[in-house]
Amino acid sequence: MRQKIVAGNWKMNNNLEAGKKLAQEVLDKATGNEEAQIVLGTPFIHLTVLADSVAGKKGIEIAAQNCSDKASGAYTGETSAEMVKSTGTNYVIIGHSERREYFNETNAQLAAKVDLALAQELIPIFCCGESLEIREKEEHFSYVKQQLTESLFHLSSADFAKIVIAYEPIWAIGTGRTASSAQAQEMHAELRAHLASHFGQELADSCSILYGGSCKPSNAKEIFEGSDVDGGLIGGASLNANDFLAIVNSF
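This structure is a prediction, so every number in the text was calculated from the model and none was measured.

Cut-offs and rules
- Residues numbered from 1 in each chain as written.
- Predicted model: local features only at pLDDT ≥ 70, side-chain atom pairs only at ≥ 80, totals over all residues.
- Heavy atoms only, no water.
- Core = buried A, V, L, I, M, F, W, Y, C linked by side-chain atoms within 4.5 Å.
- Buried < 20%, exposed > 50% of the residue type's maximum accessible area, 1.4 Å probe, protein only.
- Contact = heavy atoms within 4.5 Å.
- Axes fitted to C-alpha atoms, helices over the stretch in contact; angles between N-to-C directions.
- Helix = DSSP H or I, 4+ residues; strand = E, 2+ residues; numbered from the N terminus.
- Parallel < 35°, antiparallel > 145°, perpendicular 65-115°, else oblique.
- Left-handed = near helix turned anticlockwise from the far one by under 90°.
- Phe/Tyr/Trp six-rings, centres within 6.5 Å; stacked < 30°, edge-to-face > 60°.
- Patch = residues over 30% accessible without salt bridge, like charges linked within 9 Å, V, L, I, M, F, W, Y side chains within 5 Å.
- Areas by Shrake-Rupley, 256 points an atom, 1.4 Å probe, with all protein chains shown as cover.
- Salt bridge = Lys/Arg side-chain N within 4 Å of Asp/Glu carboxyl O.

**So, the nonpolar core**
Across soluble globular proteins, nonpolar side chains have a tendency to be buried as a group. Within the largest apolar cluster, 63 residues are counted, with the highest numbers of intra-cluster contacts made by Leu152, Phe160 and Ile165. Not counting chain neighbours up to four residues away, the residues in contact with Leu152 comprise Val114, Phe126, Phe160, Ile163, Ile165 and Phe199. Counting residues in each nonpolar core, the second largest holds 12 residues, with Val39, Ile125, Cys127 and Leu210 among its members.

Structure, rendered in structure tokens:
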């Protein structure tokens, strides 16, 4: 059975004290018996403190929101996969649509990030997704499949087995629009079939694919009912412990 995962992406929100408070609220309110693995994707400043706070806590992990595509060197302001791992963090979000759009990250750069993350035994949450323009041209399936092909298909089967994928319909992030449960399931099924074409059906069937587009307590249950939807990458709703845990408990 594929692992269910609900990952919060705090983005550039919460100073250190606010982040500690929010994480503690999640820790206090989580029962430890949730069906889904909880992952808190926090800014870099929180990683060491929060990784320590969740150590030994059943079903809760911390993720960095990014890592560099370079292993080390004179790259002022960058944070390497090795640095992320040294904080006690076990997950890293790679290729979020905002990184692609605002920082022009390419599929080739993201492939390098995936390799460096895996070398440090981090679990990449690899993001993919299309804009409204691409969807309206009905090029969304081929576009998102290309993202997977160019960033992940160089991996061995053993390394691919460590990847989590998050599908983000970019047109449904922060816009109030949400892909219907049918649209989410349709894309997830297409992506799983694409993975199967390269890595084989068994590995594709074991890969957790998360939905990442304006998922909230009111629609999470319906979205998660899709047979190929294994959880969510949650933005705004992850900044409220009650909302976030309501989504976690939507399975």
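From this point, the discussion proceeds with the structure in view.
**Some words on the packing of helix 1 (residues 16-29) against helix 12 (residues 241-248)**
Contact geometry for helix 1 and helix 12: axes closest at 9 Å, N-to-C directions at 45°. Taken together, the axes of helix 1 and helix 12 are oblique relative to one another. Note on packing geometry: the crossing formed by helix 1 with helix 12 is right-handed. Facing helix 1, whose interface residues are Leu22, Glu25, Val26 and Lys29, helix 12 presents Ala241, Asn242, Phe244 and Leu245.

**A few points about the environment of Gly73**
When you line up the elements, Gly73 lands in the loop between strand 3 (60-64) and helix 3 (81-86). Residues Gly73 and Glu186 lie 113 residues apart in sequence; the distance between their C-alpha atoms is 42 Å.

**A few points about the packing of aromatic side chains**
Evaluation of the coordinates by the stated rule reveals three aromatic pairs. With 5.4 Å between their ring centres and 85° between their planes, Phe153 and Phe199 make a pair best called edge-to-face. Residue Phe153 is located in the loop between helix 7 (140-152) and helix 8 (157-160), and its partner Phe199 is located in helix 9 (residues 181-199); the two are separated by 46 residues in the primary sequence. On the basis of relative accessible area, Phe199 is assigned to the buried category, the value being 10%. Taken together, a centroid distance of 4.0 Å and an interplanar angle of 5° make the contact between Phe160 and Phe199 stacked.

**Comments concerning a nonpolar patch on the surface**
On the surface, a nonpolar cluster with roughly 230 Å² of combined accessible area is contributed by Leu16, Ile45 and Val49. Tracing the backbone through its elements, the reader meets Leu16 in helix 1. Residue class for Leu16 comes out partly exposed when judged on its relative accessible area of 32%.

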